[in-house]
Amino acid sequence: MKKYVCTVCGYVYDEAQGCPEAGIPAGTKWEDVPEDFHCPMCGVGKEDFVEQK
């Protein structure tokens, strides 16, 4: 499972944990996260996330 980081605030989306506050269950791959997903910390869109290396 991968992690994706918000380039604005540093919030980390962890595929293993999902994003319960946004209704995204644990185990949801980034490509399966809806395109209208917004960072729960700062509100930017999915396009402002990058894969954590």
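Scoring rules and cut-offs
Residues numbered from 1 in each chain as written. Predicted model: local features only at pLDDT ≥ 70, side-chain atom pairs only at ≥ 80, totals over all residues. Heavy atoms only, no water. Pairing = 2+ DSSP bridges. Helix = DSSP H or I, 4+ residues; strand = E, 2+ residues; numbered from the N terminus. Axes fitted to C-alpha atoms, helices over the stretch in contact; angles between N-to-C directions. Salt bridge = Lys/Arg side-chain N within 4 Å of Asp/Glu carboxyl O. Buried < 20%, exposed > 50% of the residue type's maximum accessible area, 1.4 Å probe, protein only. Core = buried A, V, L, I, M, F, W, Y, C linked by side-chain atoms within 4.5 Å. Contact = heavy atoms within 4.5 Å.

Chemist: Honestly, the sheet that holds strand β1 (residues 3-6) in this entry has me stumped. Any pointers?
Modeler: A sheet is described by the order of its strands in space; here three strands give the open sequence β2-β1-β3, paired in antiparallel fashion. In this open sheet, the two edge strands, each paired with only one partner strand, are β2 (12-14) and β3 (49-51). Direction aside, the axes of adjacent strands within the sheet are offset by 30° on average. With three bridges joining them, β1 and β2 adopt antiparallel strand pairing.

Chemist: What am I meant to see in the pattern of salt bridges here?
Modeler: Two side chains with opposite charge may pair up if their charged atoms get near one another. All told, the structure shown has three salt bridges when counted by the stated rule. A salt bridge links Asp-14 to Lys-3; its shortest N-O distance comes to 3.9 Å. With a gap of 11 residues between them, Asp-14 in strand β2 and Lys-3 in strand β1 connect regions that are remote in the sequence. Take Asp-14: its relative accessible area is 12%, and that puts it in the buried class.

Chemist: Where do I start with the nonpolar core in this structure?
Modeler: It is characteristic of soluble globular proteins that their nonpolar side chains tend to be buried jointly. By size, the foremost hydrophobic cluster in this structure holds 12 residues: Tyr-4, Cys-6, Tyr-11, Tyr-13, Cys-19, Ile-24, Trp-30, Val-33, Phe-37, Cys-39, Val-44 and Phe-49. Residues in contact with Tyr-11, not counting those within four places in the same chain, are Tyr-4, Val-5, Cys-6, Cys-19, Glu-21, Cys-39, Pro-40, Met-41 and Phe-49.

Limitation: the analysis is restricted to geometry and does not speak to function.
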